[in-house]
Amino acid sequence: MTTKIKKYFVIGNPIDHSFSPKLHNYWLKENNINALYDKIKLDEDDLENFIKDIKQQKITGCNVTVPFKQAVIPFLDKLSPEAKQTRSVNTIIFKDGSLVGHNTDIVGFTKAIQGLSFNLRGKKVLILGAGGVVPSIIFALNKMGVSKIIVSNRTRQKAENLKNLFENLKTIEWGNIEYFDMIINATSLGLNNEKINLDFSNVGKNKLFYDVIYNPAETNFLKNAKKNGNLIENGKLMFVYQALEAFKLWHEVEPKISNEIFKLLEND
Ligand code: ATR
């Protein structure tokens, strides 16, 4: 008897840059799972039909990246509590006849931060950007017991909109800086070597500078922070852990994090 090969995708727009297929296909092979994982660029109009294909199990499951993490929600039957609270889905599974949206970015970010020697309890965090991944980061930071979260986004209204999801959020104008213990770059600035036009020379040392970007491994934001005596971390581990959690949801196997996978994710 031949079993049908399972098919998974990551959907987004743009999608070329995604490392998800490399990582998932490596783990699939390592765990002898008969499945394939590919990336596909969709337009918003394609979402409904794509998700219908999951309901009919022509496609087994998918990851969702920017800009569709919220847009997929109307087409799903159920949401995990985390996906519901962040209005953000990055993993879709088909379970007991229902399409279920999960958010594994939260656990990805949490595990990445827990691996650092930087306790966030009672600390102040400044987030730059208000795009697709920011609700998940705010959710995780609140769980870690930070005392204050400030969001600065070029389009201020998008930062303001986050207040519908989270209480106690403060927003400031793009270009301003407030005291912080940790700062997170969640903008796309740095993907193509752009500089963030903010002056961090007066913020002091020993802060944690975190960049969601991991390719390049050190954005200008992180390079300058290191020069000024701060701790730095990029988004690679967050990416790996969110993928690991999605893999567990689909295959009920915990894949290994090894040096091999970090080599795999080195810049092409
Ligand atoms: P999306 O906003 O579609 O979810 P994203 O990649 O998750 O996409 O988010 C991009 C983030 O980078 C946004 O916060 C964006 O700011 P706007 O909301 O004002 O668009 C930010 N960003 C992109 N280019 C920027 C630039 N040149 N200067 C400042 N912020 C920028």
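What counts as what
Every residue gets a number counted from 1 within its own chain, in the order that chain's sequence is written. Confidence filtering applies because this is a predicted model: local features only for residues at pLDDT of at least 70, side-chain atom pairs given and counted only at 80 or more, and all residues used for totals across whole chains, interfaces and linings. The side-chain numbers reported here are obtained from all heavy atoms of the structure, hydrogens and water having been left aside. With axes taken as lines fitted to C-alpha atoms, and helix axes fitted only over the stretch in contact, angles between N-to-C directions fall between 0 and 180 degrees. To qualify as a helix, a DSSP run of H or I must reach at least 4 residues; to qualify as a strand, a run of E must reach at least 2; elements of each kind are numbered from the N terminus. Angular relationships are summarised with four words: roughly parallel below 35 degrees, roughly antiparallel beyond 145, roughly perpendicular across 65 to 115, and oblique for the angles in between. Crossing chirality is assigned from the near helix's rotation relative to the far helix, an anticlockwise turn below a right angle marking it left-handed and a clockwise turn marking it right-handed. Pairs of residues are marked as contacts when any of their non-hydrogen atoms sit within 4.5 Å. Gly counts as polar in this scheme, as do all residues outside two lists: the nonpolar Ala, Val, Leu, Ile, Met, Phe, Trp, Tyr, Cys and Pro, and the charged Asp, Glu, Lys and Arg. Side-chain rings of Phe, Tyr and Trp (the six-membered ring for Trp) are treated as a pair once their centres are within 6.5 Å; stacked means planes under 30 degrees apart, edge-to-face means over 60, and tilted covers the remaining angles. With a 1.4 Å probe rolled over the protein chains alone, any residue whose accessible area is under 20% of its type maximum counts as buried; one over 50% counts as exposed, and the rest are partly exposed.

**Q** Looking at this structure, I do not really get the packing of helix α4 (residues 105-114) against helix α5 (residues 134-143). What am I missing?
**A** For any two helices packed against each other, one specifies the inter-axial angle together with the distance between the axes. The interhelical angle for the contact between α4 and α5, taken along N-to-C directions, is 55 degrees, at an axis separation of 8 Å. Judged by the inter-axis angle, α4 sits oblique to α5. Crossing handedness for the pair α4 and α5: right-handed. In this structure, α4 uses D105, I106, F109 and T110 to contact α5, whose residues at the interface are S136, I137, F139, A140 and L141. Per-class residue counts for the contact of α4 with α5 are six nonpolar, two polar and one charged.

**Q** Is there a simple way to explain the packing of aromatic side chains in this structure?
**A** The geometry of an aromatic ring pair is captured by the separation of the ring centres together with the interplanar angle, meaning the angle of the planes. Considering all chains together, one arrives at 12 aromatic pairs under this definition. Relative to F221, the ring of F200 lies with its centre 5.9 Å away and its plane at 75 degrees, an arrangement referred to as edge-to-face. Taken together, the residues span a long stretch of sequence, with F200 in the loop between β10 (182-185) and β11 (208-211) and F221 in helix α7 (residues 220-227) at a distance of 21 residues. The residues F200 and F221 share a single accessibility class, namely buried. Judged by centre distance (5.3 Å) and plane angle (50 degrees), the rings of F209 and F221 are tilted.

The values reported here are purely geometric and, on their own, carry no functional implication.
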